[in-house]
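Structural description and commentary
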Amino acid sequence: MSLFAQHPTHLPEKYLFIKTYGCQMNVYDSDRMAELLHPLGYKKTDNPSHANIIILNTCHIREKATEKVFSELGRIRKLKSAAAKKNKRVLIGVAGCVAQAEGEEIVARAPFVDLVFGPQTYHRLPEMVRTALRTNFSFEAGSKIIETDFATEEKFDKLGTDPINPTNSFITIQEGCDKFCSFCVVPYTRGAEISRPAEQILKEAESMVRLGSKEVTLLGQNVNAYHGTESSGKEWTLGRLIRELAEIEGLERIRYTTSHPKDMDDDLILAHGEVPQLMPYLHLPVQSGSDTILQIMNRKHNISFYRKIIDKLRKARGDIAFSSDFIVGYPGESDADFAATLKLVSDIEFAQAYSFKYSPRPGTPASNREQIDEQIKSDRLESLQQLLDAQQLAFNLTKVGTTQSVLIEKSGRKESQLVGKTPYMQATHFCGPKKLIGRIAEVRILDGFSKGLAGDIVKEDKINSIQKPDQTQTEGQFLESQNDWRNKNHARV
Ligand code: SAM
Ligand code: SF4
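A few points on the structure. (Residues numbered from 1 in each chain as written. Chains lettered and ligands numbered in written order. Predicted model: local features only at pLDDT ≥ 70, side-chain atom pairs only at ≥ 80, totals over all residues. Heavy atoms only, no water.)

So, the side chain of T217
Its place among the elements puts T217 in strand 10 (residues 215-219). The buried category is assigned to T217, whose relative accessible area is 6%. Not counting residues up to four positions away in its chain, the partners in contact with T217 are S169, F170, I171, R255, Y256 and T257. (Helix = DSSP H or I, 4+ residues; strand = E, 2+ residues; numbered from the N terminus. Buried < 20%, exposed > 50% of the residue type's maximum accessible area, 1.4 Å probe, protein only. Contact = heavy atoms within 4.5 Å.)

Quick word on the pairing of strand 13 (residues 321-328)
In terms of burial, strand 13 is largely enclosed, as 8 of its 8 residues are buried. With burial as the criterion, each face of strand 13 is covered, one bearing A321, S323, D325 and I327 and the other bearing F322, S324, F326 and V328. Taken together, the 3 bridges between strand 12 (residues 281-283) and strand 13 define a ladder with parallel strand orientation. Counted as the bridge partner of H283 is S323 from strand 13. Handedness of the crossover joining strand 13 and strand 14 (residues 352-357) through helix 11 (residues 335-348): right-handed. (Pairing = 2+ DSSP bridges. Right-handed = clockwise from strand over helix to strand, strands pointing away.)

With respect to unusual backbone geometry
Here T257 and T258 are connected by a cis peptide whose omega angle stands at 5°. Along the chain, the position of T258 falls in the loop between strand 11 (253-257) and helix 8 (266-274). For Q287, which is not glycine, the phi dihedral falls at a positive 75°. Counting through the fold element by element, Q287 comes out in the loop between strand 12 and helix 9 (291-296). Since its relative accessible area comes to 7%, Q287 is described here as buried. For M425, which is not glycine, the phi torsion reads 70° and is therefore positive. Mapped onto the fold, M425 is located in the loop between strand 16 (417-421) and strand 17 (427-431). Judged by relative accessible area, which is 29%, M425 ranks as partly exposed.

Laid out in structure tokens, this is it:
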């Protein structure tokens with residue numbers, strides 16, 4: 001039975017505010033935390049000043065993220081203080097990878113924090129909250145409950161599976177990492193790689209589809225290293241898991257992220273051509289276009305290997321779109337190394353990508369190397385992002401004039417506007433009634449921008465009557481004029 005269906009109605013209303021930083025896995029963890037606290041009577045709120053519990057679910061990947069957490073804690077301290085003056089107790093929790101890595105520092109720098117817990121211990125949150133509420137109430141000194149061990153008990157057995165956004169659900173299938181890239185904190189904050197049992201994942205996906213999910217995204221720091229076992233003890237690869245998931249009736253879209261190039265085996269590559277539910281979009285981080293840099297990053301793949309994987313995937317599924325992660329200004333990166341990154345990007349043509357300046361992380365090998373000048377990092381990031389943005393726009397424009405299946409996720413910012421995703425992960429705006437949220441609609445793409453598409457829901461006989469927007473308009477102007485036009489012409493579905 002759904003955890004939310006079991007909500008105890010006799011308890012007084014209490015509110016939970018969670019701010020999530022970083023990757024999709026943190027979003028997943030935050031949703032599970034909300035579920036865990038629901039039976040204790042906590043409902044989610046978007047307003048931290050209404051909350052009885054405030055949790056920051058943090059990310060430690062780059063330095064700025066950590067500093068952002070401390071400045072957010074400064075703001076939250078004021079809320080806690082204002083509530084204390086009205087005799088209201090607010091519990092403050094810091095979760096996620098910053099909590100895991102810097103638990104002691106958090107309580108030292110922000111002593112009003114009550115709970116500090118890592119990604120492997122958040123299933124104990126209800127008990128932590130009960131314990132904190134039993135401790136004496138003092139505003140300046142929080143309860144100082146720190147749980148940052150790598151728990152041995154099965155975290156996933158204790159978690160619920162309700163999709164918070166029922167349209168497209170996320171399932172963590174694998175956690176942690178054994179690869180130890182020399183820049184990355186993940187092996188230290190999330191621990192050694194583990195894969196969840198295969199049948200447990202199938203059951204979770206089935207229940208999500210029953211609750212209305214049309215799309216499931218499989219999550220893991222190294223998701224394609226998945227090697228979960230079935231009850232007989234036999235190991236499944238990610239390719240096998242995807243093929244089994246595709247048998248679930250009503251599951252129309254399958255995605256997975258984040259993958260490591262080294263773990264793209266042939267069966268997984270072939271699945272892209274053979275499993276229609278597997279979406280033609282893959283996030284495959286390469287980090288750098290230079291073999292020298294990849295070697296000192298301890299990436300365990302070189303550029304010719306990466307290019308071969310991309311070629312094989314394009315052969316398996318002609319229309320597949322690629323995304324990637326890049327780090328610029330890595331210690332030792334020369335002009336020639338950076339030029340190799342630009343060359344790789346030009347050759348591959350990414351549909352979208354994330355790019356970052358290298359950020360030294362304490363405890364990782366690269367942080368001890370001689371660092372590159374900050375201005376050089378900024379200049380390189382700017383030129384790489386210009387190229388990536390141009391490629392994203394070019395990719396989006398290739399879809400103008402086509403009709404795309406869009407999974408409608410939510411309302412847009414404008415009235416009667418809906419937002420959804422194409423199979424290629426392009427955010428697509430169009431007008432229509434809210435009741436379509438959660439459904440897949442055919443949308444005629446009218447225009448493409450660097451960050452998405454705009455279009456109109458179509459019926460075959462109406463395609464030709466759609467107005468083409470003025471090409472000189474900005475994205476905002478277009479969306480606005482499209483809305484005006486829709487309002488005058490009534491929404492057609
Ligand atoms: N497992 C994935 C892989 O192998 O590519 C990456 C996961 S990591 C959580 C997400 C991204 O953050 C990385 O791909 C990398 O580009 C970026 N990242 C990690 N550590 C970084 C650092 N110290 N400085 C800048 N970017 C970093
Ligand atoms: Fe970090 Fe990914 Fe490298 Fe693992 S494979 S250490 S998660 S970048």
